[in-house]
Amino acid sequence: QVQVVESGGGLVQPGGSLRLSCAASGSIVSIVAMGWYRQAPGKQRELVARIISGGTNYLDSVRGRFTISRDNAKNTVYLQMNSLKPEDTAVYSCRLTDAKWGDYWGQGTQVTVSS
């Protein structure tokens, strides 16, 4: 079994910053990808950023403002979010893809950008 736990969400003013963390533990064989997705009320879930096969993907609207990074020793991925906008408000969830066990999701963390 694999566990994925997110932390770091909260309320921030427009233009502010937050850093999300996603820690994976358990019977991890080989991490193929780890990334962040978000879902705002009434909208579909979308990929925000992920690390896969050594490369990174970003949603166009966050490129240049968000940075994803990974600590391999800790099986942890981070999302540094700068210059936050109200439209970034959503539940952010972490997804891990293991080569043997498949996909695991965290419980999600709320990010609210509001003055």
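Since the model is a prediction, treat every value here as computed from it, not as a measurement.

Participant: Is there a simple way to explain the overall build of the protein chain in this structure?
Facilitator: Summing up its helical and strand segments, the protein chain has zero helices and 11 strands in all. If you list the helices and strands of the protein chain from N to C, you get β-β-β-β-β-β-β-β-β-β-β. For a compact globule of 115 residues, the expected C-alpha radius of gyration is about 13 Å, and the protein chain comes in at 14 Å, within 12% of that figure. Reported as C-alpha extents along the three principal axes, the dimensions of the protein chain are approximately 45 × 25 × 25 Å. The buried share among the 115 residues of the protein chain stands at 41%. A separation threshold of at least 6 residues defines the contact pool for the protein chain, and within that pool the share at least 24 residues apart is 54%. With an accessible surface of roughly 6,000 Å², the protein chain has 46% of that area assigned to carbon and sulfur atoms.

Participant: Looking at this structure, I do not really get the nonpolar core. What am I missing?
Facilitator: A general feature of soluble globular proteins is that nonpolar side chains tend to end up buried together. W36, L79, M81 and Y92 are the most contacted members of the largest nonpolar core, which has 30 residues in total. Of all the elements in the fold, those that place two or more residues in this core are strand 1 (2-7), strand 3 (18-26), strand 4 (31-39), strand 5 (46-52), strand 7 (66-71), strand 8 (76-81), strand 9 (90-98) and strand 11 (109-113). Not counting residues within four places of it along the chain, the set of residues in contact with M81 comprises G16, S17, L18, L20, R65, F66, Y92 and V111.

Reading the values: rules and limits
- Residues numbered from 1 in each chain as written.
- Predicted model: local features only at pLDDT ≥ 70, side-chain atom pairs only at ≥ 80, totals over all residues.
- Heavy atoms only, no water.
- Helix = DSSP H or I, 4+ residues; strand = E, 2+ residues; numbered from the N terminus.
- Rg over C-alpha atoms; globule rule 2.2 N^0.38 Å.
- Buried < 20%, exposed > 50% of the residue type's maximum accessible area, 1.4 Å probe, protein only.
- Contact = heavy atoms within 4.5 Å.
- Areas by Shrake-Rupley, 256 points an atom, 1.4 Å probe, with all protein chains shown as cover.
- Core = buried A, V, L, I, M, F, W, Y, C linked by side-chain atoms within 4.5 Å.

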